[in-house]
Protein chains: 2
Amino acid sequence: MEIPQIELKQISQKEELPFYELEKDLRTGKAVILKNSLRKIHPVAVGKRLRCKINVNLGVSGERINLKKEIKKLKAALEYGADTLMDLSLGRRAGEIRKALIKECFVPFGTVPIYSITQEKTAGLSRSKILDEIERQALEGVDFMTLHCGLRKKHLEYARRRICPIVSRGGAIIAEHISKTGRENPFYEYFEDILKIVKKYSITVSLGDGLRPGACADANDKAQYSELYELGKLRKKCLDYGVFAMIEGPGHVPINLIEENVKKAEEICDGAPLYFLGPLTTDRAAGRDHISAAIGASLAGFHGVSLLCAVTPSEHLGIPDINDIKEAAAVFKIAAESVNLAKGFNSEREKNKEISEARKSFDWEKQFSLALDGKTAKRKYKLLNKNKDKFCSMCGKDFCAMRKFSECAGVK
Amino acid sequence: MEIPQIELKQISQKEELPFYELEKDLRTGKAVILKNSLRKIHPVAVGKRLRCKINVNLGVSGERINLKKEIKKLKAALEYGADTLMDLSLGRRAGEIRKALIKECFVPFGTVPIYSITQEKTAGLSRSKILDEIERQALEGVDFMTLHCGLRKKHLEYARRRICPIVSRGGAIIAEHISKTGRENPFYEYFEDILKIVKKYSITVSLGDGLRPGACADANDKAQYSELYELGKLRKKCLDYGVFAMIEGPGHVPINLIEENVKKAEEICDGAPLYFLGPLTTDRAAGRDHISAAIGASLAGFHGVSLLCAVTPSEHLGIPDINDIKEAAAVFKIAAESVNLAKGFNSEREKNKEISEARKSFDWEKQFSLALDGKTAKRKYKLLNKNKDKFCSMCGKDFCAMRKFSECAGVK
């Protein structure tokens, strides 16, 4: 760990956690820092006692490739408040895209190396291919990497019992490899070799959940928890090697199972920071899965998840466009800041008070400046109201509750 | 209670609650039925052991009036799955709007009579004006009415301590009346007279929360709970008179206080069905307050709220347009069905399983038919994919996890 003291002090302040507590959490792996030692960015810390944060996924699939568009998406995600970004690009030009994106990215940047390793159909998952790709991306400056190391051969039979056996791309690639070769997951086999590489660059490992449930009926099942136990063991190895690790989580989980899901991950992985995708609280929200995911993410964040991976309105339907990215980031920012208010962060409490005061005094500009997405709020306000005034078109002048009470019921 | 047995049987089936349990809940006021005895609609039952439902608000303010537009909004709300509708119209043409809307509405229809009583600025809140208006609307067929009966003179000092003292329109009108006249809330004073009228038409009283917190910092405070205790007493009176009653709830409540908020309302009001507006889990989501509200509503619903009042993206900014209404209804439908899945309703569990099976088998049309808003999902899918196929543009053909696993990893 080579984070300068001054950076740690800044983190401690921003995260409202005393310096020695931050140090303690970093030492015990309860908090991690996302920053490749080769990169020149402000490090971002992730952990349960720190502010809940959001990640936004970018990237092209084999079907659609446009570098300029991807950079626009990246800028939009940052503008809407993404704390970290991940490039999930697939296909032949994945490397090119990654290099272009990382250059523009001033927050921690994550990848899923298996996507590049298997970009050519002929490529198998050999030891050298895996380690070479990880070192290549490490040298490019990637700050954190999702590695599906916990999905083991013996787990596949549990997956087969499910409604949707495997919905993780990385998980499916590994399952395919296991099925075709009859061998163990190579990311599991070569885990210590991987750790030796990532340690050199202070890269954080994000232990991927190849068996995350992709249907509410599959949530909290044997497949998910069996892999989770494996992740817990691997995370211990990370600690032994002095490598930071996060634990990835689902997926699709109904509201009544979210708390158990989070607590179990916390317990099995001894307080490692959790990084969840959603979870989606219903399977039926296609077209608006950013909503079902934000509902689940808020609850998961409240119960202890530290990093929320934004889901877009295109989930289950296709690759997100720039508007999807904006909407996903904006909606997940609401989820994360709702969690931060609930967790009692002073800065968030103050901002909430300030915007409410501004609301009471009809200071519209101040409201927009304090809103999580002030631009959208302002555009909508202008659309709905002809004139700025001490009321809005919701109730009109005569029936504005705020106005009525302050005028007639004696608020000083 | 004059609901025919056959209707009760239908409710019992739809709500997956045995007939005698439904009867018990209705007898003890733990469930209510929304239906004016003069109206020809299917009655809708609301209660904790029944399916979580959504209400959508319609109506014009003094600033904007267009009857055709309101009817379009009503139809949109119904199309997007509103279980009940409320007309919150203000101003001189409120009566005209109400009559037009109720004619088109095939679900329970609610109003806030105080809005019409005070439509002329000169009008005070006299006993006869209140009772006459309630009877007028009862004769028109209104199924449930929000009445702010619990806000008392002694509560105003608690409201004054708040960041946002009163944000309820009805609450503000009553506070104004109390402040100007020095007298008690007339809805409180004439409560038994009101009950005698509504009883004749089997109208359900929705006991309004004039002191609902309008800022997260004001949540679960003395003002809110003092009024709630009053509502609990009034609800007992309703039971004595054989009148159905729901209890309205907030508002703005941070995630960490939602469970307490719901449990307290449940306890104080002895299990009466709860009808909450949101709650919003942050004050900073202007422009997307349907999201912060859906997050809070899901959690509130999970903890026991029976009817979720949809909040639109225009909240805090102006009067919602038709797109706001659609978005609010669609988003709240996701919240309510997430709650119903969590509550274990078989029909919801089955639909979730079916859509997940359809997802696995790439049966797109079936997915759209089972999605909560299939039209939007289908439009988005078409936009993002050139051809229907056994994959989508998210991962492309070679990397589709579902496809890969079923082809290579041996799912039968």
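Conventions adopted
Residues numbered from 1 in each chain as written. Chains lettered and ligands numbered in written order. Predicted model: local features only at pLDDT ≥ 70, side-chain atom pairs only at ≥ 80, totals over all residues. Heavy atoms only, no water. Helix = DSSP H or I, 4+ residues; strand = E, 2+ residues; numbered from the N terminus. Buried < 20%, exposed > 50% of the residue type's maximum accessible area, 1.4 Å probe, protein only. Salt bridge = Lys/Arg side-chain N within 4 Å of Asp/Glu carboxyl O. Contact = heavy atoms within 4.5 Å. Buried area = accessible area lost by both parts, 1.4 Å probe. Polar contact = N/O pair within 3.5 Å; in protein donor to acceptor, adjacent residues only side chain to side chain. Nonpolar A, V, L, I, M, F, W, Y, C, P; charged D, E, K, R; others polar. Domains from an automatic or database assignment. Least-squares fit on C-alpha atoms with pLDDT ≥ 70 in both. Pairing = 2+ DSSP bridges. Axes fitted to C-alpha atoms, helices over the stretch in contact; angles between N-to-C directions.

Some thoughts on unusual backbone geometry
Residue and element names in this part refer to chain A.
Okay, so step 1: That bond from Gly278 to Pro279 is cis: its omega, 0°, falls within 30 degrees of zero.
Okay, so step 2: You can see Pro279 is positioned in the loop between β9 (274-277) and α13 (289-303).
Okay, so step 3: The phi torsion at Glu16 lies on the positive side, around 55°, for a residue other than glycine.
Okay, so step 4: Within the secondary structure, Glu16 sits in the loop between α1 (5-14) and α2 (19-27).
Okay, so step 5: The class for Glu16 is partly exposed, based on a relative accessible area of 31%.

Some details on the pattern of salt bridges
Residues and elements named next belong to chain A.
Okay, so step 1: Counting across every chain of the model gives 69 salt bridges over all chains.
Okay, so step 2: We note a salt bridge from Arg39 to Asp143, for which the minimum N-O separation is 2.8 Å. Of this pair, Arg39 sits in the loop between β1 (31-34) and β2 (44-47) while Asp143 is found in the loop between α6 (127-140) and β6 (144-147), placing the two residues 104 residues apart along the sequence. In this structure, Arg39 and Asp143 share a single accessibility class: buried.

So, the interface of chain B and chain A
Okay, so step 1: Residue-level contacts link 108 residues of chain B with 108 residues of chain A.
Okay, so step 2: Both faces considered, chain B and chain A share a buried interface measuring about 9,000 Å² in area, 64% of it formed by carbon and sulfur atoms.
Okay, so step 3: Our count for the chain B to chain A interface comes out at ten salt bridges.
Okay, so step 4: Put simply, B:Glu176 and A:Lys404 hold a salt bridge, and the shortest N to O gap is 2.9 Å.
Okay, so step 5: Along the contact surface separating chain B from chain A lie 32 residue pairs in polar contact (both at pLDDT 80 or more).
Okay, so step 6: The dominant element in the side of chain B that touches chain A, judged by the number of residues it contributes, is helix α14 (residues 322-342) of chain B, at eleven residues.
Okay, so step 7: For the side of chain B that touches chain A, the class distribution of residues is 57 nonpolar, 24 polar and 27 charged.

Structural notes on the domain arrangement of chain A
All names here are of chain A.
Okay, so step 1: Split into domains, chain A comes out as domain 1 (5-344) and domain 2 (347-409).
Okay, so step 2: The gap between the C-alpha centroids of domain 1 and domain 2 is 37 Å.
Okay, so step 3: Taken together, the ten residues of domain 1 in the interface contact eight residues of domain 2.
Okay, so step 4: Together domain 1 and domain 2 conceal approximately 740 Å² of surface at their shared face, both sides included; 53% is due to carbon and sulfur atoms.
Okay, so step 5: Of all residues in domain 1, the largest losses of buried area upon contact with domain 2 belong to Tyr80, Glu337 and Leu341, amounting jointly to 46% of the total for that side.
Okay, so step 6: Summed over the shared surface of domain 1 and domain 2, the number is two salt bridges.
Okay, so step 7: The closest approach of N and O atoms between Glu348 and Arg51, which form a salt bridge, is 3.7 Å.

A few points about the relation of the copies chain B and chain A
Okay, so step 1: Aligned on chain A, chain B shows an RMSD of 0.0 Å; the corresponding rotation is 180° and the shift along the axis is 0.0 Å. Here the two chains are linked by the operation of a two-fold rotation axis. Minimal C-alpha separation from the rotation axis in chain B is found for B:Ile295, amounting to 2.4 Å.
Okay, so step 2: Interface overlap between copies: 100% of the residues of chain B at the interface are likewise at the interface in chain A, consistent with a symmetric, same-surface contact.

What to know about the pairing of β1(A)
Residue and element names in this part refer to chain A.
Okay, so step 1: Residues Ala31 and Ile33 point to one face of β1 and Val32 and Leu34 to the other, with burial holding for every one of them.
Okay, so step 2: Inspection of the sheet shows β1 paired to β2 by four bridges, in the antiparallel sense. In the strand pairing of β2, Val32 is matched with Val46.

With respect to the sheet that holds strand β10 (residues 307-309) of chain A
Remark on secondary structure: sheet strands pair via backbone hydrogen bonds, oriented parallel or antiparallel.
All names here are of chain A.
Okay, so step 1: One closed barrel holds the eight strands; their spatial order is β3-β4-β5-β6-β7-β8-β9-β10, and the pairing between them is parallel. Between one strand and the next, the sheet's axes are offset by a mean angle of 25°, whatever the strand orientation.
Okay, so step 2: Sheet topology note: the strand β4 (residues 84-87)/strand β5 (residues 109-111) ladder contains three bridges and is parallel. Bridge pairing links Leu85 to Phe109 in β5.

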